[in-house]
Amino acid sequence: MNYLFSRILATLPVMAVVACFVFLLIHLSPGDPAALIAGDMATVEDIEKLRASLGLDQPLWQQFGLWAARLAQGDLGVSIFTHVPVTQLLAQRIGPTASIALLTMAMALVVAIPLGVLAAHNAGTWIDRLVMLFAVLAFSVPVFLIGYLLIYSFAIQLQWFPVQGYVPLSEGVGPWLRSLVLPCVNLALVYIALITRMTRATVLEVLHEDYIRTARAKGLSLLPVLGHALRNAAVPIATTVGVGIALLIGGVVVTETVFAIPGIGRLVIDSVQRHDYPVIQSVLLLSAGVYVLINLLIDLSYTLFDPRIRY
Amino acid sequence: MPPSAPTPATAAAAPPARTAPRWRWLRKNYTLVLGAALLLAMAAIALAAPWIATHDPMDIDPLARLQAPSGEHWFGTDALGRDVFSRAIWGGRVSLAVGVSVAALASLLGVVLGLTAGFVRWADGVIMRVMDGLMAIPDILLAIALMAIIRPSLTTVIVAITIPQVPRVVRLMRSLALTLREQLFVEAAHAVGTRLPVILWRHVLPNTLTPLVVQATFIAAAAVLTEAALSFLGVGVPAQTPSWGNMMAEGRNFVAVAFHIILYPGLLLAVTVLAINLLGDGLRDALDPRLARQL
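Please read these numbers as outputs of a predicted model, since none were measured by experiment.

Asks: Outline the overall build of chain B, supporting the account with residue identities and numerical values.
Replies: From N to C terminus, chain B includes twelve helices and zero strands. Each helix and strand of chain B, placed in order from N terminus to C terminus, yields the pattern α-α-α-α-α-α-α-α-α-α-α-α. The buried share among the 295 residues of chain B stands at 48%. In chain B, once contacts between residues fewer than 6 apart in sequence are set aside, the share between residues at least 24 apart is 71%.

Laid out in structure tokens, this is it:
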């Protein structure tokens, strides 16, 4: 209980640093923040008007206080470009992004863990080498190249899947899934490589333990033994899954552009080109929040895998 | 006796004893050799771009738009009729510059901050909290956000990619520093009154070089990929610069009719990153197998 409390408390400074960084983002710019937001075409008058309306003429600490107070109430500000509240913009875009992320994660876990165990069990053989070769390749070939290769072969040549775009879940599970298969396969490859490597390494280590030899010696068949090994290797694997969330979120941004999916990633890129800073700041806060939250949950889930860990 | 006298003798005696182990070393570390060879080849091609390129990478030819690869245009032409092969060769320079600069810059910042955190107790908390915060934001998003506040140029891209990588080096250096701090030779240096900067430079830093070099290699690979991703997304190096990411972005609307615009720069990018990753894996295994657990 004590651990639980302190672990939750430990996320506060992280989020505070993120919030400070995000707030300071426009002030870190070498130029005048108001001019930056106004863009290249703005007149001096425009810039001054914008400065006053955004409160950029106030002292920095006052701006921060105001910003933080509104943030605490869940107010992320208003988009400069579309004049729509940012929370509303994010709500419109979260569906595709969440769909891709969750489906990719599920796909990656289903493939990567058996693959890693397989490689560990056959360590040193051609199976192991093949799996490791795949992992190195998946780490090296850029997400967007694989994306276009998938589009070119499965959507344009074979026409099994739509080339690009996203169909919301409300229009039926079938079309929704069809629109997500290629982006998710694309994104899952890197994630699979990451988790497979970690699974292989930890399971390989566990397989050398005495209790595994005992289990084998008393005649337990292979699958239950690998099950034992996997459970004992679960904690480092879970940690990797959590750290990989950052990789996943970053990958979604790129994948959404490749497959022309109107998600959070596309929103942030459009916002950079429109100098729409409230949106960029909110996406940073959101993704950091998701990362911290998922890693917190994973930390707390260790007791499920390993009863020796007690909080 | 001149000091150079013994050298010829040892040199003459050495070869027969050395050839066998060295050959075995090469075979044992084939990933290292393969990675280094591939990377050197890519670097040589990029550096020799003016002589290898068959066309001017900026030359627009409206009559030769979207041509498939041919004897005249080895990798075909893009939507403006520019030669994809020549642009791809020149594009390697951007990736190389980014890879090397980011690895060097991130290592430098990371070493300074990491060793400070490891040895200066009051600074530890502050530095590590800031690093934790930076690590909570995905690399690409952080780089994109930084690109949003600075004018796009090669230098600013390098800065924007470096900042997300710094925490990785800091964490590594801090953990190494915490172990080294307790070592007898560091304590001895303290005891005789050696000043902290000297201890860090003379006694600590040399003992961190192996993991640092391996880490820097992986950072270079990540940097090359991130630069391409940023340019591909339209927030990287200026659009007119021939870089692999920019080329792939330009080919985005012609996937069905001119896939070669995306394919060739993408393949060069993949080979380069693969080479750096192989080099990193090879270095790690060759220099210190125990590192495999840490990185």
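Moving on from the model shown.
Asks: Help me get a handle on the overall build of chain A, residues and values and all.
Replies: In terms of regular secondary structure, chain A is built from 13 helices and zero strands. Going residue by residue from the N terminus, the α and β elements of chain A occur as α-α-α-α-α-α-α-α-α-α-α-α-α. Expressed as lengths along the three principal axes of its C-alpha atoms, the size of chain A is roughly 85 × 60 × 35 Å. Considering chain A as a whole, with its 311 residues, one finds that 40% of them fall into the buried category. Residue pairs in contact within chain A that sit at least 24 positions apart in sequence constitute 71% of those at least 6 positions apart.

Asks: Tell me about helix 5 (residues 121-136) of chain B, and please be specific about residues and values.
Replies: If you check helix 5 of chain B, its first and last C-alpha atoms are 23 Å apart, about what 16 residues at 1.5 Å a residue would give, namely 22 Å. Among the residues of helix 5 of chain B, Val130, Met131, Gly133, Leu134, Met135 and Ala136 of chain B are the ones counted as buried.

Asks: Kindly report on the interface of chain A and chain B, identifying the contributing residues and their values.
Replies: On the side of chain B, 34 residues touch chain A, which itself brings 40 residues to the contact. Looking at the side of chain A that touches chain B, the elements with two or more residues in it are helix 1 (2-28), helix 6 (126-140), helix 7 (143-157), helix 11 (234-258), helix 12 (264-273) and helix 13 (277-305) of chain A. For the side of chain A that touches chain B, the leading source of residues is helix 1 of chain A, giving eight residues. Considering only residue class, the side of chain A that touches chain B consists of 34 nonpolar, six polar and no charged.

Asks: Could you give me a rundown of the packing of helix 9 (residues 196-233) of chain B against helix 11 (residues 260-287) of chain B, with the residues and numbers involved?
Replies: Residues and elements named next belong to chain B. At a minimum axis separation of 9 Å, helix 9 and helix 11 run at an interaxial angle of 170°. Considered as vectors, helix 9 and helix 11 are oriented roughly antiparallel to each other. Here Thr210, Val213, Val214, Thr217, Phe218, Ala220, Ala221, Val224, Leu225 and Ala228 of helix 9 lie close against helix 11, whose contacting residues are Leu269, Thr272, Val273, Ile276, Asn277, Leu279, Gly280, Leu283, Arg284 and Leu287.

Asks: Hey, could you go over the packing of helix 4 (residues 84-119) of chain B against helix 9 of chain B for me, with residue numbers and the actual values?
Replies: Residues and elements named next belong to chain B. Running from N to C, helix 4 and helix 9 cross one another at 145°; their axes reach a closest spacing of 7 Å. Considering how the two elements wind past one another, helix 4 and helix 9 form a crossing that is right-handed. Contacts from Val94, Ser95, Val98, Gly99, Val100, Val102, Ala103, Ala106, Ser107, Val111, Leu115 and Phe119 in helix 4 reach Leu196, Leu200, Val204, Leu212, Ala216, Ile219, Ala220, Ala223, Val224, Glu227 and Ala228 in helix 9. Here the residues of the contact of helix 4 with helix 9 are counted per class, giving 19 nonpolar, three polar and one charged.

Asks: Give a detailed account of helix 7 of chain A, specifying residues and quantitative values.
Replies: If you check helix 7 of chain A, its first and last C-alpha atoms are 20 Å apart, about what 15 residues at 1.5 Å a residue would give, namely 21 Å. If you look at helix 7 of chain A, its biggest bend is around 25°, right at Ile151 of chain A. Taken residue by residue, helix 7 of chain A has Val143, Phe144, Leu145, Ile146, Gly147, Tyr148, Leu150, Ile151 and Ala155 of chain A as its buried positions. Those residues of helix 7 of chain A hidden inside the fold are in contact with helix 8 (173-207) and helix 11 of chain A together with helix 9, helix 10 (244-250) and helix 11 of chain B. Just beyond helix 7 of chain A, the residue with positive phi is Gln159 of chain A, at close to 55°.

Asks: Report on the nonpolar core, specifying residues and quantitative values.
Replies: Ranked by size, the top nonpolar core spans 176 residues in total, and within it Val18, Ile195 and Val268 of chain A together with Leu141 and Ile144 of chain B carry the most contacts. Here this core takes 18 residues from helix 9 of chain B, the largest share from any one element. Each residue touching Ile144 of chain B, except ones within four places of it in the same chain, is listed here: Val268 and Val272 of chain A together with Leu230 and Val235 of chain B.

Asks: Let's hear about the environment of Cys20 of chain A: which residues, and what values?
Replies: All names here are of chain A. Mapping Cys20 onto the fold places it in helix 1. According to the C-beta neighbour criterion, Cys20 is partly exposed, with 14 such atoms within 10 Å. Measuring from C-alpha to C-alpha, the distance between Cys20 and Leu230 comes to 40 Å, with 210 residues separating the pair along the chain.

Asks: Before we move on, can you summarise the environment of Ile269 of chain A with the specific residues and values?
Replies: Tracing the backbone through its elements, the reader meets Ile269 of chain A in helix 12. Sequence separation between Ile269 of chain A and Leu182 of chain A is 87 residues; the distance between their C-alpha atoms is 21 Å. Those residues in contact with Ile269 of chain A that lie beyond four places of it in its chain are Thr257 of chain A together with Leu233, Gly234 and Val235 of chain B.

Asks: Go over the confidence of the model for chain B with me, naming the residues and quoting the values.
Replies: Residues shown with low pLDDT carry predicted positions that ought not to be read at fine detail. Residues and elements named next belong to chain B. Taken over all residues, the pLDDT of chain B has a mean of 84, while the share at 70 or more is 89%. Of all helices and strands in chain B, the one with the weakest mean pLDDT is helix 12 (residues 291-294) (49), whereas helix 7 (residues 154-181) scores best (93). Low pLDDT, under 50, characterises residues 1-17; the predicted model gives this stretch zero contacts beyond four residues in sequence or across chains. If you check the scores for this complex, the pTM reads 0.86 and the ipTM reads 0.87.

Asks: Before we move on, can you summarise the environment of Lys49 of chain A with the specific residues and values?
Replies: Residues and elements named next belong to chain A. Residue position: Lys49 is located in helix 3 (residues 44-53). The exposure class assigned to Lys49 is partly exposed, which follows from the 14 C-beta atoms found within 10 Å. In sequence terms Lys49 and Ala38 are eleven residues apart; their C-alpha atoms lie 9.8 Å from each other.

Asks: Can you explain unusual backbone geometry? Please cite residues and give values.
Replies: Residue and element names in this part refer to chain A. At His83, a position not held by glycine, the phi torsion is positive, near 60°. A positive phi angle, close to 55°, is found at His275, a residue other than glycine. Along the polypeptide, His275 turns up in the loop between helix 12 and helix 13. His275 gets classed as buried once you count the C-beta atoms within 10 Å, which come to 20.

Parameters at a glance
Positions within a chain are numbered from 1, following the residues in the order the chain's sequence is written. Chain labels run from A onward and ligand labels from 1 onward, assigned in the order the entries are written. Reporting of local features is limited, given that this is a predicted model, to residues whose pLDDT is at least 70; pairs of side-chain atoms are given and counted only at 80 or more, and all residues count toward the totals for whole chains, interfaces and linings. Comment: elements are numbered from the N terminus, with helices defined as DSSP H or I runs of at least four residues and strands as E runs of at least two. Any residue whose C-beta has 12 or fewer other C-beta atoms within 10 Å is treated as exposed, any with 20 or more as buried, and any in between as partly exposed, C-beta atoms being built from the backbone. The contact criterion used is a C-beta to C-beta distance within 7 Å, with each C-beta placed from the backbone. Here the expected span of a helix is defined as 1.5 Å times the quantity of residues minus one. Residue polarity is assigned by list, with Asp, Glu, Lys and Arg as charged and Ala, Val, Leu, Ile, Met, Phe, Trp, Tyr, Cys and Pro as nonpolar; anything else, Gly included, falls into the polar class. The angle between two axes is taken between their N-to-C directions and runs from 0 to 180 degrees, where each axis is a line fitted to C-alpha atoms and a helix contributes only its stretch in contact. The labels follow the angle: roughly parallel below 35 degrees, roughly antiparallel above 145, roughly perpendicular from 65 to 115, and oblique for the rest. By the definition used in this description, the sense in which the near helix is turned from the far one sets the handedness, with an anticlockwise turn below a right angle giving left-handed and a clockwise turn giving right-handed. What is called the bend at a residue is the angle between a pair of axes, fitted to the seven residues leading up to and ending at it and to the seven starting from it. Think of a nonpolar core as buried Ala, Val, Leu, Ile, Met, Phe, Trp, Tyr and Cys residues, each tied to the set through C-beta atoms within 7 Å. Summary of the metric used: pLDDT quantifies the predictor's per-residue confidence within the range 0 to 100.

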